Amino acid sequence: IDMPDPVEAIKFRMEQLGYTQNDLAKIIGLKSRASEIMNRKRPLTLEMIRNLHEKMNIPTQVLIQSY
């Protein structure tokens, strides 16, 4: 079974936690950066991956994949 796409994994986890894009922006850093990531215009940085893993419990193996 293939691992989910990183952006889809973030969207799924946000839905589970009841998070909005503003909540995601607090984890990632900036609202504009969160929007760029969700629209696949910017890759995740190592710091973003660490924050998403720590605060949203998304496995790092999923987040490090290219998309």
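Structure first, text after, so check above.
Here's a quick rundown of the structure.

Cut-off values and rules
- Residues numbered from 1 in each chain as written.
- Predicted model: local features only at pLDDT ≥ 70, side-chain atom pairs only at ≥ 80, totals over all residues.
- Heavy atoms only, no water.
- Salt bridge = Lys/Arg side-chain N within 4 Å of Asp/Glu carboxyl O.
- Helix = DSSP H or I, 4+ residues; strand = E, 2+ residues; numbered from the N terminus.
- Buried < 20%, exposed > 50% of the residue type's maximum accessible area, 1.4 Å probe, protein only.
- Core = buried A, V, L, I, M, F, W, Y, C linked by side-chain atoms within 4.5 Å.
- Contact = heavy atoms within 4.5 Å.

Within this structure, the stated rule accounts for four salt bridges. Between Asp5 and Arg40 there is a salt bridge, with the nearest N and O atoms lying 2.9 Å from each other. Residue Asp5 is located in the segment before α1 (6-17), and its partner Arg40 is located in the loop between α3 (31-38) and α4 (46-56); the two are separated by 35 residues in the primary sequence. The salt bridge involving Arg40 is made with Glu8; its shortest N-O contact spans 3.2 Å. Of this pair, Arg40 sits in the loop between α3 and α4 while Glu8 sits in helix α1; the two residues are 32 residues apart in sequence, bridging distant segments of the chain. One network of salt bridges, in which partners are shared, links Asp5, Glu8, Lys11 and Arg40.

A word on unusual backbone geometry. Of note, the phi angle at Arg40 is positive, near 60°, even though the residue is not glycine. Taking relative accessible area as the criterion, Arg40 reaches 38% and is therefore assigned partly exposed. The residue Asn57 is not glycine, and still its phi comes out positive at about 60°. With respect to the secondary-structure elements, Asn57 resides in the loop between α4 and α5 (60-63). Under the relative-accessibility criterion, Asn57 is labelled exposed at 55%.

With that settled, the discussion passes to the nonpolar core. One recurring pattern in soluble globular proteins: nonpolar side chains tend to sit buried together. Ile10, Leu24, Leu44, Leu52, Met56 and Leu63 are the most contacted members of the largest nonpolar core, which has 19 residues in total. For Ile10, the contacting residues outside a window of four places in its chain are Leu24, Met38, Leu44, Leu52, Met56, Ile58 and Leu63.

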